[in-house]
Amino acid sequence: MNPEPNILGEYLRARRELVTPEQVGIPVTGTRRVPGLRREEVAMLAGISAEYYLRLEQGRDRNPSAQVLESIARVLGMEDDSYLLSLAVARPRRKRRRSRRETIPASTARLVAELPFPAFVEGRCLDVLVANPLAAAISPRLKAGGNRLRDVFLDPAEQALFADWKGAAAGLLAGFRHSVGGETDDPRVIELVGELTLVSPEFRRLWARHDVGPRAGATVTFHHPQVGTLQLDREKLAVSGTEGAMLVVYHPAPQTDSGEKLALLASMTATMATTDSDTPAPIRTQP
């Protein structure tokens, strides 16, 4: 039987290594052999014993109090300690489960199709569950069956679309970590992390940092091959009745150059759809 993963300890160690002594007011003398803070320094600043902190990182104590974790989060500079607290929730050991097929309400699918803006729904592992034609006009990878992590980390065309693709990739991965939480035994999570770890150096670097962030809205700049630079506001809204699905919508600020370009792209998309629907299907004949 495989040992239970030490998610809490791995997260604490990764975050500890990213905090410098100077950031927490510890004077540096001589050569330090470890990146970031030492375990005993974190323990001292958090007001706990070094032995107890060591047990946390080694996975020998998996149920620390919220007060202890909040103190550690403060030392490690975490603005939001909710993810850290979630890792310490006691969970019984269980058999490895099968991934369930993600579905969304039919009403949500209709909404995506009817929205006048680029829109799609992503699942908890950032799989694209449904997308409208204008989303596919922004990126051909935005279609049902795609995966945002794979696209951004592995597809050069998708990377070229973003003005800051590394920033976009880091944000996606932080949101993915927050979404899956401690469910690292999910076969879909194992599949994605395993594949991307093997083939993407940037993914390996970011995954080792254990960055966690919300799947939230932001302003995104695209370099679109047809209409040029697009600056769009991105909204991410939870879809009720699902386990972590989010409705993603891109929309421009009113009376902006990006708004005009998006309208042009929508017109081009509608024209292509009309042309395709007018093209007669090929006639099949018997041999």
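About the criteria used
- Residues numbered from 1 in each chain as written.
- Predicted model: local features only at pLDDT ≥ 70, side-chain atom pairs only at ≥ 80, totals over all residues.
- Heavy atoms only, no water.
- Helix = DSSP H or I, 4+ residues; strand = E, 2+ residues; numbered from the N terminus.
- Buried < 20%, exposed > 50% of the residue type's maximum accessible area, 1.4 Å probe, protein only.
- Contact = heavy atoms within 4.5 Å.
- Salt bridge = Lys/Arg side-chain N within 4 Å of Asp/Glu carboxyl O.

Okay, unusual backbone geometry next. Even without being a glycine, Leu126 presents a positive backbone phi close to 70 degrees. Of note, Leu126 is situated in the loop between β1 (119-122) and β2 (128-131). A relative accessible area of 0% places Leu126 in the buried class. Non-glycine residue Gln255 carries a positive phi angle of around 55 degrees.

The topology assignment puts Leu161 in helix α9 (residues 156-161). Residue Leu161 is classed as buried on the basis of its relative accessible area of 4%. Considered as a pair, Leu161 and Pro225 are 64 residues apart in the sequence and their alpha carbons are 7.9 Å apart. Not counting chain neighbours up to four residues away, the residues in contact with Leu161 comprise Ile138, Ser139, Thr221, Phe222, His223, His224 and Pro225.

As enumerated under the stated definition, the model contains 19 salt bridges in all. A salt bridge links Arg32 to Glu41, with the nearest nitrogen and oxygen atoms 2.8 Å apart. Both residues of the pair, Arg32 and Glu41, belong to the buried class. A salt bridge links Glu195 to Arg150, with the shortest nitrogen-to-oxygen separation between them at 2.5 Å. With a gap of 45 residues between them, Glu195 in helix α11 (residues 187-199) and Arg150 in helix α8 (residues 148-154) connect regions that are remote in the sequence. One network of salt bridges, in which partners are shared, links Asp127, Arg150, Arg188, Glu191 and Glu195.

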